[in-house]
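# Remarks on the overall topology
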Amino acid sequence: MNPEQAGGDNQEWTPAANPVMIALAVVLAAFIEVLDTTIISVAQPYVAGSLAATNEEATWVLTSYLVANAIILPASGWLAIRFGRKRFLMACTAIFIAASFLCGIAPSMGFLVAARVLQGLGGGALQPIAQAVLIESFPGKKRGMAMAAFGFAVVFAPVLGPTLGGWLTDHYSWRWVFNINIPIGLFALWMMGKYLEDPPYIKHAKVGAIDSIGFGLLALWLATLQIVLDKGQSSDWFATPWIRWFALVSAASLIALVVREMKAREPIVDLRAFLDRNFWVGTSIIALVSASMYGSLTVLPLFLQNLMGYTSEGAGWATAPRGIGAMIGMPLVGILMSRVDGRWLTVSGIGMFGLSTFWISRLSLEAGMSNIAWPNVLQGLGMGFIFVPVMSLAMATLPNSKIGNASGIFNLARNLGGSVGIAISTTFITRFAQTFQSQLVGKLTPMDPVFQEHLGAATAKLTPLVGAPQAAQQAKGLIYGAVLQQANYQAFMAVFAWSALFITLLILTPLLMKKVTASTEIHLH
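Here we summarise the structure given alongside this text. Just so it is clear, the model here is predicted, and its values are computed rather than measured. (Residues numbered from 1 in each chain as written. Predicted model: local features only at pLDDT ≥ 70, side-chain atom pairs only at ≥ 80, totals over all residues. Heavy atoms only, no water.)

### Observations regarding the packing of aromatic side chains
What the rule picks out here adds up to 11 aromatic pairs. When the ring of W237 is compared with that of F238, the centres are 6.4 Å apart and the planes differ by 40 degrees; the resulting orientation is tilted. Given the relative accessible area of 15%, W237 is considered buried. Measuring from centroid to centroid gives 5.4 Å for F428 and F432, while their planes differ by 45 degrees, and the two rings are tilted. One end of the pair, F428, and the other, F432, are both in helix α21 (residues 400-441), 4 residues apart, so they sit about a helical turn from each other. One aromatic cluster is present, formed by W167, Y172 and W176 through successive ring pairs. (Phe/Tyr/Trp six-rings, centres within 6.5 Å; stacked < 30°, edge-to-face > 60°. Buried < 20%, exposed > 50% of the residue type's maximum accessible area, 1.4 Å probe, protein only. Helix = DSSP H or I, 4+ residues; strand = E, 2+ residues; numbered from the N terminus.)

### Things to note about helix α14 (residues 212-231)
Along its 20 residues, α14 runs 28 Å from first to last C-alpha, staying within 8% of the 28 Å computed at 1.5 Å per residue. Within α14, 14 of the 20 residues are buried, which leaves it mostly tucked inside the rest of the structure. (Expected span 1.5 Å × (residues − 1).)

### Remarks on a nonpolar patch on the surface
On the surface, a cluster of nonpolar side chains totalling about 490 Å² of accessible area is made up of W167, Y172, W176 and W317. With respect to the helices and strands, W317 occurs in helix α17 (residues 312-319). Classification of W317 by relative accessible area gives partly exposed; the value is 48%. (Patch = residues over 30% accessible without salt bridge, like charges linked within 9 Å, V, L, I, M, F, W, Y side chains within 5 Å. Areas by Shrake-Rupley, 256 points an atom, 1.4 Å probe, with all protein chains shown as cover. Salt bridge = Lys/Arg side-chain N within 4 Å of Asp/Glu carboxyl O.)

### Section: the packing of α14 against α21
Where α14 contacts α21, the two axes come as close as 9 Å, and the packing angle between them is 25 degrees. Here α14 is positioned roughly parallel relative to α21, judged by the angle of their axes. Residue-level inspection shows W221, L222, L225, Q226 and L229 of α14 in contact with α21, the latter providing L412, L416, S419, V420 and A423. Partitioning the contact of α14 with α21 into residue classes produces 8 nonpolar, 2 polar and no charged. (Axes fitted to C-alpha atoms, helices over the stretch in contact; angles between N-to-C directions. Parallel < 35°, antiparallel > 145°, perpendicular 65-115°, else oblique. Contact = heavy atoms within 4.5 Å. Nonpolar A, V, L, I, M, F, W, Y, C, P; charged D, E, K, R; others polar.)

Geometric values such as these leave the question of function open.
This is the structure we're talking about:
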């Protein structure tokens, strides 16, 4: 029996264990995996100092994990069928735990990067397999709550990451950023062994040999793309020859991968899922929304630290209310999914996130903690109203036998969208700051009365302290420093405003998907 045939029988299958216990097992594993994409970000300077490395070398601690993670994501569906989903998921969790231990004891930067690659390979399958398990373990009417549980992992974990990472690093050691995975992972592994089981279509499925050519093209495309996105800004993008070559190789390998997978009898990534309207629309929405979302989420802590004087831990706490909003939104939207059209829930979520981002774009440098906290709460609420319905709608019209593969593609689109958004946002902050600086500096002329007034006032205050000649020079330095601060402030605000506009333009795209109810979902399967 092949997966397609088994998929038709699978609609009557229900797991023997309580779905809540199954959800706890897989959500815990997905949670620590997603947590590791951001928890290390605030600890990178400490890692570099401890292991006698440069800050540039320390960025590979994050990049190596993301590259390895991205390579496994789209192949996870095939691997789960080939080795058995329960066995594969437990093996991946065990690898992730072991790699976390190795990261925690790393004596050198090379050792740590190698351990992070292993950790990324083990963790790459945890998100899509967890999503597939949840969809199949819960009946149609309760899938909204199942997706809320999964959404909690993929939305709340990256929000918690910088806060938890900063706290652990400041109060203990950066090594605890990795060590914290071990007890949680071991508990999740025990839960999986006790409660998970493979559905019939996986038990009876027969798959051929691995599509090694497709897997090689996949690895080449994602590795080169992630490196370009991560190093593009620091290397001046396409002005640098090696960036151009990596981008060319990435584009060529993507084209070759699509051609190969559409022709292969046993593709490692089944791109035919894109023939389903709900899936391709939902995947496109999550990629575009993630680009705007992760770009603004990454930029806000930089704004707080660079311009408002927050510490890394303080910036984490300032943005933590976003997690409160997500904790409210996830269960709420899970309940509403059985009563309200998921497409309109997504529309409202996009509206909330756009409004909150615009709100942030109006912050001043004198803003208090409450001015930062409330838009973050609204952002978290909007994230819950976006992720949960989109995940449910994108998978709802696919056969169960296709969900594992489709989930890998869906999560890859979310991750890649986030990477692109971060790269674009950080690039435009630099470019906008240069533009605004040149505009402001153009006004610092002897003919400008406002400049002369401020220069005279600053010189007068400094003269009794350092003498007239030094006071004149230091006064100019103070004014130039204020210009740099104002240019950077305007750049951050411009990025937030453009991000708000971009995500608001997507507000009606969820209506392109078909309306799905529990009864039509069962019929379509």
